[in-house]
Amino acid sequence: AISYGTQVETTDPLNVNALVARSPQEKVIIQFLQAALLDSRKGQFDLAHQKIDQAKIALPGYFESYRVSAFVHACQENLLAADDDYKRALELDPD
């Protein structure tokens, strides 16, 4: 089961919490990603990755899933995985 925490609002494009939704489907996926970010802040990385994986399955071409995944990997000091996910996010949305 997925639980959702407090939503973090920001418009800073460099802030990992600034998630961009361009469609109603992406707005739904943002809930998974925000919950994953909250889990990562608590050190619950496995739970965060589970939610990110669900987001990737639900909407595979959504770049924010890979950006958040990269951030969580970086928090775990898994820099190779973070680099791969950041590259994938840029492939999906170069802007």
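These notes cover the structure that comes with them. (Residues numbered from 1 in each chain as written. Predicted model: local features only at pLDDT ≥ 70, side-chain atom pairs only at ≥ 80, totals over all residues. Heavy atoms only, no water.)

By the element assignment, Ser-69 lies in helix α3 (residues 63-75). Overall, the relative accessible area of 1% leaves Ser-69 in the buried class. Side-chain polar atoms of Ser-69 contact the side chain of Asp-85, separated by 2.5 Å. When residues no more than four places from it in sequence are discounted, the contact partners of Ser-69 are His-49, Ile-52, Lys-56 and Asp-85. (Helix = DSSP H or I, 4+ residues; strand = E, 2+ residues; numbered from the N terminus. Buried < 20%, exposed > 50% of the residue type's maximum accessible area, 1.4 Å probe, protein only. Polar contact = N/O pair within 3.5 Å; in protein donor to acceptor, adjacent residues only side chain to side chain. Contact = heavy atoms within 4.5 Å.)

Turning next to the environment of Pro-60. Structurally, Pro-60 can be placed in the loop between α2 (45-58) and α3. Its relative accessible area of 48% is what places Pro-60 among the partly exposed residues. For the pair Pro-60 and Leu-92, spaced 32 residues apart in sequence, the C-alpha to C-alpha distance is 9.9 Å.

A few words now on the pattern of salt bridges. On inspection of all chains with the given rule, the structure shows 7 salt bridges. Here Lys-56 ties to Asp-85 by a salt bridge, and the two come within 3.9 Å at their closest N and O atoms. Placement of the pair is Lys-56 in helix α2 and Asp-85 in helix α4 (residues 79-92), with a sequence separation of 29 residues. A single burial state applies to Lys-56 and to Asp-85, both of which are buried. For the salt bridge of Glu-91 with Arg-88, the shortest nitrogen-to-oxygen distance reads 3.2 Å. Linking Glu-91 with Arg-88, this pair stays in helix α4, spanning 3 residues, or about one helical turn. Given the relative accessible area of 56%, Glu-91 is considered exposed. One connected set of salt bridges, linked through shared partners, spans Arg-22, Glu-26 and Asp-93. (Salt bridge = Lys/Arg side-chain N within 4 Å of Asp/Glu carboxyl O.)

From the geometry alone we can't say anything about function, so treat these as descriptive.
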